Amino acid sequence: EKDLFVSSNPKDPIAEAYRSVRTRLFFSSTDERPVRVVLVTSPGPQEGKTTTLCNLAIAVAQAKKRVLLIDADMRKPGLSKLFGVRRLAGLSDLLRSDEDLATIVEQRIQSTGLSNLDMLPCGPKPADPAELLSSSRFSDLIAWAETHYDQVLVDCPPVLAASDAAIVGRHTDGIVLVVQPEKNHRRLVVRA
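Residues numbered from 1 in each chain as written. Predicted model: local features only at pLDDT ≥ 70, side-chain atom pairs only at ≥ 80, totals over all residues. Heavy atoms only, no water.

Student: Requested: an account of unusual backbone geometry, with residues and values cited.
Tutor: A positive phi angle, near 60°, is found at Gln46, a position not held by glycine. Locating Gln46 in the fold gives a position in the loop between strand S1 (37-41) and helix H3 (49-62). Residue classification places Gln46 among the exposed positions, given a relative accessible area of 59%. (Helix = DSSP H or I, 4+ residues; strand = E, 2+ residues; numbered from the N terminus. Buried < 20%, exposed > 50% of the residue type's maximum accessible area, 1.4 Å probe, protein only.)

Student: Before we move on, could you go through the packing of aromatic side chains and cite the residues and values that matter?
Tutor: For the structure shown, the criterion picks out 1 aromatic pair. The lysine or arginine in question, Arg66, covers the ring of Tyr149, its NZ or CZ lying 4.4 Å from the ring centre. (Phe/Tyr/Trp six-rings, centres within 6.5 Å; stacked < 30°, edge-to-face > 60°. Lys NZ or Arg CZ within 6 Å of the ring centre and 35° of its normal.)

Student: I'd like a rundown of the pattern of salt bridges, residues and numbers included.
Tutor: A full pass over the atoms with the stated rule returns 6 salt bridges. Residues Asp73 and Lys49 are paired through a salt bridge, measuring 3.1 Å at the closest nitrogen-oxygen approach. Taken together, the residues Asp73 in the loop between strand S2 (67-71) and helix H4 (78-82) and Lys49 in helix H3 connect sequence positions 24 residues apart. Of the residues examined, Asp73 reaches a relative accessible area of 3% and is grouped as buried. By relative accessible area, which is 8% here, Lys49 ends up buried. For Arg108, the salt bridge identified is with Asp93, shortest N-O distance 3.2 Å. Placement of Arg108 in helix H6 (residues 101-108) and of Asp93 in helix H5 (residues 91-96) is noted, with a sequence separation of 15 residues between them. (Salt bridge = Lys/Arg side-chain N within 4 Å of Asp/Glu carboxyl O.)

Student: Please provide a residue-by-residue account of the side chain of Asp155, values included.
Tutor: With respect to the helices and strands, the residue Asp155 is situated in strand S5 (residues 151-155). Among the polar contacts made by the side chain of Asp155, one reaches the side chain of Lys49 at a distance of 2.8 Å. Excluding residues that lie within four positions of it along the chain, Asp155 makes contacts with Val40, Lys49, Thr50, Leu53, Ile70, Asp71, Ala72, Asp73 and Leu79. (Polar contact = N/O pair within 3.5 Å; in protein donor to acceptor, adjacent residues only side chain to side chain. Contact = heavy atoms within 4.5 Å.)

Written out as structure tokens, the structure reads:
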């Protein structure tokens, strides 16, 4: 894909910028406080959060870390669309299921075709994404992911558009807020 600079054009200055973000992420981890689960969001739509998430994930995977991408943007699942898995079962039906979590999550995880990088698609669009993300099943999924992957990156809807990012943020070690300076006013960024 043209937006995946880190894999398609690794010598590009944009790819190097994503590797710099990866390095900052690694340096923000300590033995007492590892940063393993990270949420990526933006104040509003069309700011590049999914592109940022994907390139960061590829950069982490290139550092020989096992990475899981979770498409928790069940309102407008750009991540699932980008990897061509939009119509597949995923997060939404996993959160609704009563099946054993480990069994069903392993059935839902998809290979991206890139080394060390897997993803959990959003699944069918639910009517109640915030309620599904508030469930104990979601926190169980994050706990499972932490034991199977070195890094978990979660794509969420824009923080000012829905409560989903605030709900998911409770289960993460950090948040990356993607801001497009020419689009966002300072007031919106502060509010986000």
